[in-house]
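Close look at the chain arrangement
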Amino acid sequence: MPEEQATQGRRATEAQGPSMDMNQQLIGGDSFVQRTKNPEFLKTRNEIVEKIKARRAEEFSKKVPVDIKVTMPDGNVLEKCKDGTPFQAWKTSPYDVAVAISQGLADSSVVARVTYEKYVDDYDPVQDGSAGADIMELEEGQEEEEESSSDKSMLWDMTRPLVGPVEKLEFLKFANDPEAKTVFWHSSSHIMGEALERLFGNKLTVGPPLANGFFYDSYMGKDNLREDDYKAVEQEVGKIAKQKQKFERVVITKDEALELFADNPFKVQILTTKVPDGSRTTIYRCGDLIDLCRGPHISHTGKVKAFAATQISATNWLGDTDNDSLQRIYGISFPDKKQLKVWKENMEKAKERDHRRIMAKQELVFFHELSPGSAFWLPHGNRIYQKLIEFIRKQYWDRGYDEVTTPNMFNLDLWHKSGHAMHYKENMFCFDVEGQEFAMKPMNCPGHCLMFDSRIRSYRDLPLRLADFGVLHRNELSGALTGLTRVRRFAQDDAHLFCREDQITQEVKAALEFMKFVYDIFGMTYKLELSTRPKKALGDKELWDKAEASLALAMDDFAGKGNWRVNPGDGAFYGPKIDIKVMDAMDRVHQCATIQLDFQLPIRFDLKYTTDSKEEGKQFARPVMVHRAMLGSVERMFAVLCEHWGGKWPLWCSPRQLMIVPVHNRFNDYCETVRAKFHQAGFYVDVDTSKNTFQKKVRNAQLAQYNYQLVVGETEQTNESVNVRNRDNKVEGEIKVDELVAKLKTALEEYK
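Scope of this entry: the structure provided in the associated data block. In this text, all values refer to a predicted model and were calculated from it rather than measured experimentally.

**Focus: the overall build of the protein**
Check the secondary structure of the protein and you find 21 helices and 35 strands. For the protein, whose C-alpha radius of gyration is 30 Å, the value lies close to the compact-globule estimate of 27 Å for 752 residues. Its C-alpha atoms give the protein principal-axis dimensions of about 95 × 75 × 65 Å. Here the protein, with 752 residues, has 55% of them falling under the buried criterion. Within the protein, counting contacts between residues at least 6 apart in sequence, those at least 24 apart form 74% of the total. Accessible area of the protein: about 34000 Å², with a carbon and sulfur share of 48%. A distance of 5 Å separates the average location of the 105 positive side-chain charges in the protein from that of its 115 negative side-chain charges.

**Things to note about the pattern of salt bridges**
For the structure on display, the rule yields 53 salt bridges. Between Glu50 and Arg285 there is a salt bridge; the shortest N-O distance is 2.6 Å. On the criterion of sequence distance, the pair formed by Glu50 in helix H1 (residues 40-60) and Arg285 in strand S10 (residues 280-286) is long-range, its members being 235 residues apart. Relative accessible area serves as the criterion here: at 41%, Glu50 is assigned to the partly exposed category. For Arg285, a relative accessible area of 7% gives the class buried.

**Considering the pairing of strand S21 (residues 464-468)**
Of all five residues in S21, five are buried; the element is thus mostly enclosed. Taking every second residue as pointing to the same face, both faces of S21 are buried, with Leu464, Leu466 and Asp468 on one and Arg465 and Ala467 on the other. Pairing of strand S16 (residues 402-403) with S21 involves two bridges; the strand directions are parallel. Looking across to S21, one finds that Glu403 is bridged to Ala467. Strand direction decides the pairing type here: S21 and strand S23 (residues 489-499), joined by five bridges, are antiparallel. Across the sheet, Asp468 pairs through a bridge with Asp494, a residue of S23.

**A look at helix H15 (residues 541-559)**
Compared with an ideal rise of 1.5 Å per residue, which puts 19 residues at 27 Å, H15 spans 26 Å between its outermost C-alpha atoms and is within 8% of the ideal. Residues of H15 that are buried: Trp544, Ala547, Glu548, Ser550, Leu551, Ala552, Ala554, Met555 and Phe558. Of the residues one or two after H15, Gly560 is the one with positive phi, at around 95°.

**What to know about the packing of helix H18 (residues 668-680) against helix H21 (residues 737-749)**
One can describe the packing of H18 onto H21 by two numbers: an axis separation of 10 Å at closest approach and a directional angle of 30°. For the element pair H18 and H21, the recorded crossing hand is right-handed. Taken together, the residues of H21 that come into contact with H18 (itself represented by Tyr670, Val674, Lys677 and Phe678) are Val737, Asp738, Leu740, Val741 and Leu744. Per-class residue counts for the contact of H18 with H21 are seven nonpolar, no polar and two charged.

**Notes on the sheet that holds strand S31 (residues 658-662)**
In spatial order, the strands read S32-S31-S33-S34-S35; together these five strands make up an open sheet with mixed pairing. Looking at the sheet topology across the chains shown, the edges are occupied by strand S32 (685-687) and strand S35 (731-736). Recorded for the sheet is a direction-independent mean angle of 25° between the axes of neighbouring strands. Where S31 and S32 come together, three bridges link them in parallel fashion. Residue pairing in the sheet places Leu658 in a bridge with Val685 of S32. Contacts between helix H19 (residues 694-703) and the sheet are confined to S31, strand S33 (708-712) and strand S34 (721-726), with S31 contributing the most and set at about 175° to the helix. Across the sheet, H21 is in contact with S31, S33, S34 and S35; its angle to S35 comes to roughly 115°.

**Observations regarding the environment of Lys341**
Inspection of the secondary structure assignment puts Lys341 in helix H8 (residues 337-353). Taking the relative accessible area as the measure of exposure, Lys341 reaches 56% and is therefore exposed. Remark: the alpha-carbon pair of Lys341 and Ala306, spanning 35 residues in sequence, is separated by 9.1 Å.

**With respect to a positive patch on the surface**
On the surface, Lys242, Lys244, Lys305 and Lys337 cluster together into a positively charged patch. In this structure Lys242 comes out as exposed when scored by relative accessible area, which is 74%.

Reading guide: rules and limits
Residues numbered from 1 in each chain as written. Predicted model: local features only at pLDDT ≥ 70, side-chain atom pairs only at ≥ 80, totals over all residues. Heavy atoms only, no water. Helix = DSSP H or I, 4+ residues; strand = E, 2+ residues; numbered from the N terminus. Rg over C-alpha atoms; globule rule 2.2 N^0.38 Å. Buried < 20%, exposed > 50% of the residue type's maximum accessible area, 1.4 Å probe, protein only. Contact = heavy atoms within 4.5 Å. Areas by Shrake-Rupley, 256 points an atom, 1.4 Å probe, with all protein chains shown as cover. Lys, Arg positive; Asp, Glu negative; His and termini not counted. Charge placed at Lys NZ, Arg CZ, Asp CG, Glu CD. Salt bridge = Lys/Arg side-chain N within 4 Å of Asp/Glu carboxyl O. Pairing = 2+ DSSP bridges. Expected span 1.5 Å × (residues − 1). Axes fitted to C-alpha atoms, helices over the stretch in contact; angles between N-to-C directions. Left-handed = near helix turned anticlockwise from the far one by under 90°. Nonpolar A, V, L, I, M, F, W, Y, C, P; charged D, E, K, R; others polar. Patch = residues over 30% accessible without salt bridge, like charges linked within 9 Å, V, L, I, M, F, W, Y side chains within 5 Å.

In structure tokens:
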């Protein structure tokens, strides 16, 4: 397989291309003077593209179509189009293949994922503008994503001709594939960029897709976008969508690109610093928009049925405040209008359920400028925090884990030995201790390696499951700190499993079953992804392949083949991992739990255990290490659950479980007797003896999210009972106190 294949349809990294030249910091100048509708450069640019297309068409005419076979994921081999003509390189596109199966499949697929057996002889990725870095992956705002050498698949436009026999062809849909969403939103950012150029004449810079939507940055000189521009942008996007403009991929030389974008200093800077002289790159055109882009894209703009501009903000070119000021506009889009309606409803819910709002209203947590990024857990917030830890701790007991405690600070030599210093030091709090460099621990794994190595271990000791709720510190930038979702001080339900190679599958499967139990209790669904070897991986590829195969086997055993997906190149530097993407009540995706296989740390720490062999050279063996977390950061999970439940904590982890409400103050003594019984039984219970009316007391308890209000009057006092109503004001009726204690204890045990 050609090496160039791995770079097509994949995000590039900063290291793959030249760095941007920052010597000339203000480059926008008078390229934008005032808002101009349908500026002249649109016409000029299109004229240049037509000339370029003519040159490429001449080159394309010399290509020799050859018959090819296409293998589908189920192993079925296809060879002919719907009309019976054979599939051919340079002619047949994934769309044609989909049509041969069904028109519905062709119309509903956003993009194809292609794995080639080989390229045809007259295909050259360099001449096709596909080799090397994606020049639009700039430094600012882009999370680094490494390529996986073990994954040779690539994303491919549905309408782009295939260039060789296909080992595997997959059709990706918006509804169920993250990469399809990424392509759809990337194409939508181009449509929004076209609207900005048509309406105002903006000088476009970069417009990437995000996890949920997209944005486009553009230069407007001293002008700026305003909220009253939303409507005009949305209307223009609607017009563009109705025109069903085709997305055209065009290969261009560097010189052609410089001529094409001569009026845009930002594109010129990208080209001069990131595209080598004499090389080629690609542009995409839809309607009047022509933009530097690796692609792929949707087939035409009509695929976007619903669009909304969501936010406007100011930013700077490449994220540097010394550079030109840019205008950023965010958007969201869907292939169905109903999906936009649901999205808007969820956004309203998200505002109401923002954990920062709820934790202030319910007096759970606060932050202070004297310790940024470190939460102050108030009594009621700490109740929830401790319940989450107790919940996991109970499972540790049931599932054979041993809880340990390790130091908070270590000599930096530990982190050099583990490899973290090379990859992670900038995110660590480092300081001098008697002339030596120490650091606060940002993770527990190296400490657990020292613990494993503290005495001789036998094969009979394995698996050894070490769990640690130790406090961790990470030096996050102050501007990145966000409530409890991004903090500097936190704890994880962190555990490390040391096992034999023959125990890997059973241990990983058991961890997956642990995860399922947790998220079933939370009422959250999940999807599994296998994140494979990144470019900066430690260790031999052979070990990585072995680790990835072990994880895949466990995932097949747990979820079944085809019920998980590969996330190429996104593994940790020390091993592949299973990422668990959980969905909350608003269909938002969260990355919380993770299971990571690690052959590297045991090597770096020279960990060994004695085997049952007496053969020379086989008396010792290397353990395999599995990193796993169910909640991940307890702080972040607190925030996720707060928003998932909307502050309506279920009884088992609620900080306000019971409020006793007397109908008259002469029953206050009985209320205290009832309170003492429930308190003794382990419930969080309060009594409202204020001068408020009975109705006001009940309402206050419901607004404070007490799970139950226990109403007490003459009858209840006589019968040693309470009258129960829940926080949704449903009256459940009279019940004996002892009977209710037993009933609610059962609910706690069942995590209800």
